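# Chains, contacts and geometry: an overview
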Amino acid sequence: MSLLLYNLDNDNMRLFITILILISACISALGQKSIALVVDSLSQDTLNYQSMYMVGKIYESRGRNSRALPFFERADMLAPSDSAKFRLAYNLYHSGYYKRCIEISKDIVSRDSVSVEKLTLLSAGYEKIMARDSAAQVQMKIMLLEPDNSSALISMCKNLIALDEQIPRPERIDTALYYLRAYREIDTLNLFVNELYGRKLFFKGEFEKSLAEYKKLKAEGDGRTNINYYLAQNYAYLDSIYQACNAYEALLVQVKGNGPAILMKYGLLCSSNGMSAKAIALINEAWKQSEMSLQVKTLMTKTLAKCYYNIGEYENAVEMALECHELDEENYEPVLLLANVYYQWKNEKEEKRWIEELLGIAKSKTFKKQRAFSVEWYESRLKSINAEAFMKGEMTK
C-alpha cells in the first residue's frame, strides 16, 4: 500500500485523499497495522494539505489529540482555512491548551458568528479557564441561534449563578430568567432547566414562585439533592419552619449526614427559632466534618455560645464566647453574653470587666449605634457595681 501511495500523481493523490476522507468514519474499524501504514504514507506528503488534514483526522478519531495537532497546524500553514483552524482548536481543547484554543476560536468566530459548533467550542474553552462572564456571553449568542439548545442554556445559567454568588448583579438573574422562560415555552419537561429556573427565582427573592417550582419537581420524582436543599431554603425564608426542618432532614438522609454546609445552615435555622439543643448537635457535627474559614468559625462559635446560654450550659457558653471574642474582638455579641453569664453567676469582678469592654465597643466607630442592647442599662449597672465596691472598700479606680 505504501508503494502504491508513492506512485500516485498529484491528481490521483487528491482523489485518493478525497475517498479516504469520505470513508474516514470507517477508519476506526481498521486494524492497528493498517492505520499505521496509512498514517506513515500520508505523513510523508508534507506539502499536501489533504494529506496533513487526513492524518490529523485519523489521530483525532483515535482520541490521540496531541498527536493530531502538528498535522492540523501544517495543513493550515499550507492552505489557511477555518476548517483546519477549527480542527486545530478542537484538538488543542482536548489536549488541555485552553488559552490557545480560545485564541484560535475567537479568530474563527470573528468570521463565522453563526456556527453553533464553533461558538460552543469557544464557550467551553472559556469555562475551562473559569472566564465565566465570557462563557455566558458566548452561550447567549448560541441561545439566540438555537433557543432550544438546553446544553448551552444550562451552562449559561450555571455561569451566571456562579458570577452572581461572587458579585451580585440583578441583571444577571433577569437575563437567566428571560432565557429560561423562553426555553420552557418550547420544552416544559427538562428537569435540569426547570431546576435552574426555580433556583434563579430563589436568587431573585421570589421565594413563593421558587418554592412552587421545587415542589413540582419533587412531585415529579426528581431526587436530586438540590431539590430538598432549595425547598428548605425557600421554606425558611417564608417562615415555614416546620417544613424547612423536614426538607433539611430529608436532605441529610440523602447525603448520609455528610454535608457540613447543610448542617451549618440547618443549625442556624434551629438556633434562630428556639431549637438550641438541636442547633448545638448540628453545628458540632459540621465542625467534626470540615475545617471552617475564619468568618464561618466566628459565626459558629457565636451561635453555639448563644445556644449553650439559652439551655443554661453556661460553662460551654463562656468557652464558645471567649473563642468567638478571640476571633473577632470588635464583635459585641460574645462580650454581651459574657457580661450576662457573670451577672447570672454573681461574679461582679468578671461582670465589670466585660461590661467595660462592652461599653468600649459601643463607643467605637464600627459599632455604628446598632442599639442591639441598652447601653444605658449597662452604664447604670457598671455604676452600681462600682458603688457597691466602693462601699466595701474594694474600689481601686
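See the structure printed just above.
Before going into details, it helps to say that this report is about the structure given with it. Everything numeric here is computed off the predicted structure, so don't read it as measured data.

## A word on the overall build of the protein chain
Helix and strand counts for the protein chain stand at 22 helices and zero strands. Counting the 397 residues in the protein chain, one finds 44% classified as buried. In the protein chain, the proportion of contacts linking residues at least 24 apart, taken out of those at least 6 apart, comes to 49%. Entry remark: accessible area of the protein chain is about 21,600 Å², with carbon and sulfur atoms responsible for 52%.

## Regarding the packing of aromatic side chains
Tallied over the full model, the rule gives 19 aromatic pairs. When the centroid spacing of 5.7 Å and the interplanar angle of 65° are considered together, the rings of Phe-202 and Tyr-237 count as edge-to-face. Of the two residues, Phe-202 is situated in helix α12 (residues 191–203) and Tyr-237 in helix α14 (residues 225–237); the sequence distance between them amounts to 35 residues. Note on Tyr-237: relative accessible area 51%, which makes it exposed. Between Phe-207 and Tyr-237, the ring centres sit 4.5 Å apart and the planes meet at 5°, which makes this aromatic pair stacked. Here the residue Phe-207 occupies a position in helix α13 (residues 207–219), and Tyr-237 occupies one in helix α14, the gap between them amounting to 30 residues.

## As for the pattern of salt bridges
Proximity of charged atoms lets side chains of opposite charge pair with each other. This structure, assessed with the given rule, holds 22 salt bridges. Two residues, Lys-297 and Glu-323, come together in a salt bridge whose shortest N-O distance is 3.7 Å. Separated by 26 residues along the polypeptide, Lys-297 in helix α18 (residues 294–310) and Glu-323 in helix α19 (residues 314–327) bring together distant segments of the chain. By relative accessible area, Lys-297 is classed as partly exposed at 27%. The exposure class of Glu-323 is partly exposed, given its relative accessible area of 26%. Taken together, the salt bridges that share partners define one network made up of Lys-57, Glu-60 and Arg-87.

Rules and cut-offs
- Residues numbered from 1 in each chain as written.
- Predicted model: local features only at pLDDT ≥ 70, side-chain atom pairs only at ≥ 80, totals over all residues.
- Heavy atoms only, no water.
- Helix = DSSP H or I, 4+ residues; strand = E, 2+ residues; numbered from the N terminus.
- Buried < 20%, exposed > 50% of the residue type's maximum accessible area, 1.4 Å probe, protein only.
- Contact = heavy atoms within 4.5 Å.
- Areas by Shrake-Rupley, 256 points an atom, 1.4 Å probe, with all protein chains shown as cover.
- Phe/Tyr/Trp six-rings, centres within 6.5 Å; stacked < 30°, edge-to-face > 60°.
- Salt bridge = Lys/Arg side-chain N within 4 Å of Asp/Glu carboxyl O.

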